[in-house]
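Chain by chain, the residues:
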Amino acid sequence: AQPISMESVRKLIDTVKKAGSSALGYAAVYAVGPREWAKWKHHALLTATGEPYGLGDFLFLLDPAAEDWLEHFIMELNSATQLLGFDGFHLDQYGYPKIAVRVDGEIIDLSNSFVTLINAVRASLPESQLVFNNVNDFPTWATAKTPQDAIYIEVWPPQITLNSLADVVSNAKAIGDRKPVVIAAYQHVYDTASVIGSDLATSFTMAALFSHGATQILAGEADRILVDPYYVRNHRIESSTADLLKRWYDFLVEHDELLLNPNIVDVTNSHAGAYNGDCDVTYSETAVTECAAPGSIWRRITSDGARTIIHLINLLGQENVEWDSERNSPGNPGSGVLRARRLKGFIPRVQVADPDSEPKLIAIPFTVDGDFLSAALPPIRIWQMVVIDFLPVQKDM
């Protein structure tokens, strides 16, 4: 066990709040230590051989929806809120079991128990900020609509590709009642690969998540990032990684209305391609794909009404699309060609931004061909964002 000073906890909470952030406490929703287990083992969740589920040999798992446990757990959260000043809680689970037999022989569906627990905590702490950890997307389908402040998902194999990150975010946003989506994607790659290759892996992870409207749990205190779910095992970053994170986080904040706006919808399937003909990007020697594929430009088109936002992720030179593997330096696909349908009575505007080269939106020239406009896009390194909107024609007074 690692002793924790209450004075240090209070100082950390105060520091977090002074920085303008919310201080959330950590609370495992169904884990009990050996010293308290005798009091709660009548709610134990059992394996097929009759042993209690546990985490190592120092925590044992019980049904989180059991009435007396729920009363005790909520009392503890209220006490921590009043005594320490927490703004809310990270409600954690370990991803297992999904379904288990309780000591009394009842089959417990943990997805239902978690929903019961979240609803009960919210009822008792209406002003607190709550996030529940859906480990490997379990059970996002049940918890996404509960009264919490964000959908938090910790990803593990088999969710190893950029496509899997995109899918888990898209699914969460579709069922999450407009809640923010946060992905815990720990970049273990820093423990085994070069800094350059690891920074590139992180860049592609952020590109996939940010372009799909989600954020990533990665940065820790001072000069550390998370490479493991046990946050004490972290990684001290080099200056290149610090510069990368600052650059990309600044980009995310500056363009939040183009990335994190819950009104944004994916329109790729209804806008791109010859049948639709509304908007697309092509490269002379590089394929443009709807899904992340080695050697391609991964293209996604989104909209928040009359404004179109195109995301281009450069996978040229990559041998695979695993998000937690060392990446090769991206190849140069050259200039892309944007072609988009115009809008009668309005002046089109095409802008581009790139977190590595030009973080602010800059207007680029285009030509008009009947109902369409065409524009040559600047070279892309990893991720480029293209924005098309329409300005009203100025009429003489």
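First, a word on scope: everything that follows refers to the structure included in this document. These numbers come from a predicted model, not from an experiment. (Residues numbered from 1 in each chain as written. Predicted model: local features only at pLDDT ≥ 70, side-chain atom pairs only at ≥ 80, totals over all residues. Heavy atoms only, no water.)

Close approach of charged atoms allows side chains with opposite charge to pair. Taken as a whole and assessed by the stated rule, the structure comprises 22 salt bridges. Put simply, Arg102 and Asp63 hold a salt bridge, and the shortest N to O gap is 2.8 Å. Placement of the pair is Arg102 in strand 7 (residues 99-102) and Asp63 in the loop between strand 5 (59-61) and helix 3 (67-84), with a sequence separation of 39 residues. The same class applies to Arg102 and to Asp63, which are both buried. The partner of Asp228 in a salt bridge is Arg233, with the nearest N and O atoms 3.3 Å apart. A network of salt bridges, in which partner residues are shared, links Asp63, Arg102, Asp104 and Glu106. (Salt bridge = Lys/Arg side-chain N within 4 Å of Asp/Glu carboxyl O. Helix = DSSP H or I, 4+ residues; strand = E, 2+ residues; numbered from the N terminus. Buried < 20%, exposed > 50% of the residue type's maximum accessible area, 1.4 Å probe, protein only.)

Quick look at the pairing of strand 11 (residues 181-184) now. Walk down a regular strand and you will see the side chains alternate between the two sheet faces. Of the two faces of strand 11, the one lined by Val181 and Ile183 and the one lined by Val182 and Ala184 are each fully buried. Two strands pair when backbone bridges link them, and strand 10 (residues 150-154) and strand 11 are joined in this way by four bridges, in the parallel orientation. Pairing of Ile153 across the sheet is with Ile183, part of strand 11. Read as a crossover between parallel neighbours, the route from strand 10 over helix 6 (residues 162-175) to strand 11 is right-handed. Where strand 11 meets strand 12 (residues 214-216), three bridges bridge the pair, whose relative direction is parallel. Its bridge partner lying in strand 12, Val182 is registered against Thr215. With helix 7 (residues 195-211) bridging strand 11 and the parallel strand 12, this β-α-β connection has right-handed handedness. (Pairing = 2+ DSSP bridges. Right-handed = clockwise from strand over helix to strand, strands pointing away.)

Looking now at the environment of Leu61. Among the structural elements, Leu61 can be located in strand 5. Excluding residues within four positions of it along the chain, Leu61 makes contact with Tyr30, Ala31, Trp37, Ala44, Leu45, Tyr53, Gly54, Tyr94, Tyr96 and Pro97. (Contact = heavy atoms within 4.5 Å.)

Locating Gln384 in the fold gives a position in strand 25 (residues 383-392). What makes Gln384 buried here is its relative accessible area of 2%. From its side chain, Gln384 meets the backbone oxygen of Pro378 in a polar contact 3.0 Å long. (Polar contact = N/O pair within 3.5 Å; in protein donor to acceptor, adjacent residues only side chain to side chain.)

Another point: the sheet that holds strand 4 (residues 54-55). Strand order in the open sheet formed by three strands is 2-5-4, and the pairing between neighbours is antiparallel. Each edge of the sheet is formed by a strand with only one pairing partner; in this case those strands are strand 2 (31-32) and strand 4. Pairing geometry for strand 2 and strand 5, over two bridges, is antiparallel. Following the sheet pairing, Val32 is matched in strand 5 by Phe60.

Turning to the packing of aromatic side chains, a few remarks are in order. Two aromatic rings, taken as a pair, are described by how far apart their centres are and by the angle between their planes. Scanning the entire structure with this criterion turns up 16 aromatic pairs. Taking 6.4 Å as the distance between ring centres and 45° as the angle between the ring planes, the aromatic pair formed by Tyr53 and Tyr96 counts as tilted. One end of the pair, Tyr53, is in the loop between strand 3 (45-46) and strand 4; the other, Tyr96, is in the loop between strand 6 (88-92) and strand 7, with 43 residues separating them in the sequence. Residues Phe251 and Trp383 carry aromatic rings whose centres are separated by 5.2 Å and whose planes lie at 70° to one another, so their mutual orientation is edge-to-face. Of the two residues, Phe251 sits in helix 8 (residues 239-254) while Trp383 sits in strand 25, which places them 132 residues apart along the sequence. Judged by relative accessible area, Phe251 falls into the buried class, the value being 1%. A connected cluster of aromatic rings, assembled from ring pairs, spans Tyr30, Tyr53, Tyr94, Tyr96, Phe114, Phe132, Phe138 and Trp141. (Phe/Tyr/Trp six-rings, centres within 6.5 Å; stacked < 30°, edge-to-face > 60°.)

Residues apart from glycine generally show negative phi values, whereas peptide bonds are mostly found in trans. Cis geometry is adopted by the peptide bond preceding Pro139, which originates at Phe138 and carries an omega value of -15°. Mapped onto the elements of the fold, Pro139 is located in the loop between strand 9 (129-135) and helix 5 (140-143). Cis geometry marks the peptide bond from Pro157 to Pro158, where omega comes out at 15°. Within the chain, Asp137 stands out as a residue other than glycine whose phi angle is a positive 75°. Position of Asp137 among the secondary structure elements: in the loop between strand 9 and helix 5. Phi at Ala222 takes a positive value of approximately 50°, unusual for a residue other than glycine. Judged by its relative accessible area of 82%, Ala222 falls in the exposed class.

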